[in-house]
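What the coordinates show
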Number of protein chains: 2
Amino acid sequence: MCDACGCGHEHEYKEIKTIDVNQSLLKTNEEAAHSNRKHFDEENILAINIISSPGSGKTTLLEKTIDALKNDISIGVLEGDIETDLDAERIRKKGIPAVQLTTGGACHLDSVLVHKGFHSLEHQLKGIKLDILFIENVGNLVCPSFFDLGEHARVVLISVPEGHDKPLKYPKAIKTSQLLIISKSDLVPHFDFDMEKIKKDALSLNPSLKILVTSAKTGEGLSEWIEFLKINLK
Amino acid sequence: MCDACGCGHEHEYKEIKTIDVNQSLLKTNEEAAHSNRKHFDEENILAINIISSPGSGKTTLLEKTIDALKNDISIGVLEGDIETDLDAERIRKKGIPAVQLTTGGACHLDSVLVHKGFHSLEHQLKGIKLDILFIENVGNLVCPSFFDLGEHARVVLISVPEGHDKPLKYPKAIKTSQLLIISKSDLVPHFDFDMEKIKKDALSLNPSLKILVTSAKTGEGLSEWIEFLKINLK
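Cut-offs used in this document
- Residues numbered from 1 in each chain as written.
- Chains lettered and ligands numbered in written order.
- Predicted model: local features only at pLDDT ≥ 70, side-chain atom pairs only at ≥ 80, totals over all residues.
- Heavy atoms only, no water.
- Core = buried A, V, L, I, M, F, W, Y, C linked by side-chain atoms within 4.5 Å.
- Buried < 20%, exposed > 50% of the residue type's maximum accessible area, 1.4 Å probe, protein only.
- Helix = DSSP H or I, 4+ residues; strand = E, 2+ residues; numbered from the N terminus.
- Phe/Tyr/Trp six-rings, centres within 6.5 Å; stacked < 30°, edge-to-face > 60°.
- Pairing = 2+ DSSP bridges.
- Axes fitted to C-alpha atoms, helices over the stretch in contact; angles between N-to-C directions.
- Contact = heavy atoms within 4.5 Å.

**Quick notes on the nonpolar core**
Counting 44 residues, the largest nonpolar core has L180 and I182 of chain A together with L180 and I182 of chain B as the members making the most contacts within it. Counting residues per element, the ones that place at least two in this core are strand 5 (153-159), helix 6 (171-175), strand 6 (179-183) and helix 7 (195-205) of chain A together with strand 5 (153-159), helix 6 (171-175), strand 6 (179-183) and helix 7 (195-205) of chain B.

In structure tokens, the structure reads:
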């Protein structure tokens, strides 16, 4: 048998202390989120926080959104990543101002970082007023769910290749979002993917959740996504 | 302009405090990991920690591995998830003992939880000696990279639909693993996926990394994966 038994108390003590400090950090985050939201409201900016696993198609969705909207409204993007500014570069190639928020190891954005990033973005805008601010979170379906960034709407993407079981396994992301986008729908024929089950499970966790099925490849659902944004514009 | 400016000092203070406590937690984790590894060594059990984003195919890989090996060697599985015991159920259906470690919100397994889970697994085994213990981590490409569980090898999966840019964006997972499995290779024709680039980027971060390309659908790479396990068996 194992001689590590009996050391659980110290671990539990340390874990509780961490939770206390994290509670304090969450409170700090909440205050800055409130301030961000007030700021966005005052300037009539719609702020959208997009969360998902790595590779669910957040940046691709933004690229398609920019193509559809950039002639009508003013868009800015904050790009969250642990390392690299690859995603901000993709957005800038579309002629849209983007600030890369590199967390350097942290697994989610927080509202203080968003606050700082938004000021950098304002600097790039040189007086042009934004209509929509997209905040692309770090690719992670867990931790970003816990951090309000001051957004008006949280959008969670789950792509078809990830599987229909993800809402029940990652409930916090579903419970705290207003919209679920089931992306890469063109891949349904290649997977044993139960579209009815994923919708039913997601709605069981969050009955007021709106759900869209999209494909950047075929264009499915993109007009409904654009409609969702237009309805929510300030 | 925004009235949240100037409050950065307090945030930074709180963040530093959190890091201190997390350092202590990591140290506790390290001690329990060392104890776990010693225990596995004493019992000649090969422990494999599998990490990836949600839906990269960890459980499917385990199902295929069990099919290939269960008549020759004794296998046990610890299944990490935030909620549900869906994955442990899938493993048990294959006739293999599995313990679900539900983290209840935490975004990764830690070595204390693995220690407790392993004792529960031993209870199910009723004296049968394990050859391999698979530890399927919570679906998250970020946080699990920071926690040694006492494994002998860490395996990271990145599936083709996630994109070839993931090693550079999630470097810690690549740097701390011995094997990268590029899964769902049957989907390459449906994506703009640069196989050479993902391999090159991964090796630039970790020159001693072994890389396998697999598909549970076509069977590509599975015999090499089984070979990797057999070579590492105690």
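**Observations concerning the packing of aromatic side chains**
A full pass over the atoms with the stated rule returns 6 aromatic pairs over all chains. Centroid distance F134 of chain A to W225 of chain A: 6.4 Å. Interplanar angle 40 degrees. Geometry classified as tilted. Here the residue F134 of chain A occupies a position in strand 4 (residues 132-136), and W225 of chain A occupies one in helix 8 (residues 222-232), the gap between them amounting to 91 residues. For W225 of chain A, a relative accessible area of 0% corresponds to the buried category. For the pair W225 of chain B and F228 of chain B, a centre-to-centre distance of 6.0 Å together with 15 degrees between the ring planes defines the contact as stacked.

**Here's the deal with the sheet that holds strand 5 of chain B**
All names here are of chain B. If you walk across this open sheet you meet the 7 strands as 3-2-4-1-5-6-7, and the pairing is parallel. Two strands bound the open sheet, and with one partner strand each, they are strand 3 (98-102) and strand 7 (210-213). The average undirected angle you get between the axes of adjacent strands in this sheet is 20 degrees. Pairing between strand 5 and strand 6: 5 bridges, direction parallel. Counted as the bridge partner of S159 is S183 from strand 6. Together, strand 1 (46-52), strand 2 (75-81), strand 4 (132-136), strand 5 and strand 6 form the strand contacts of helix 2 (residues 58-69), whose direction differs from that of strand 4 by roughly 165 degrees. Contacts from helix 8 (residues 222-232) reach strand 1, strand 4, strand 5, strand 6 and strand 7, with the element oriented near 140 degrees to strand 1.

**Points about the sheet that holds strand 7 (residues 210-213) of chain A**
All names here are of chain A. With respect to topology, 7 strands assemble into an open sheet ordered 3-2-4-1-5-6-7, the strand pairing being parallel. Edge positions in the open sheet fall to strand 3 (98-102) and strand 7, since each of these has one partner strand only. On average, each strand axis in the sheet is inclined to that of its neighbour by 20 degrees, with strand direction left out of account. Both strand 2 (residues 75-81) and strand 3 contribute to a ladder of 5 bridges, which runs parallel. For V77, the partnering residue across the bridge sits in strand 3 and is A98. The strands touched by helix 2 (residues 58-69) are strand 1 (46-51), strand 2, strand 4, strand 5 and strand 6; relative to strand 4, the strand with the most contacts, the crossing angle is about 165 degrees. Of the strands in this sheet, strand 2, strand 3 and strand 4 touch helix 4 (residues 111-125), which is tilted by about 150 degrees from strand 3.

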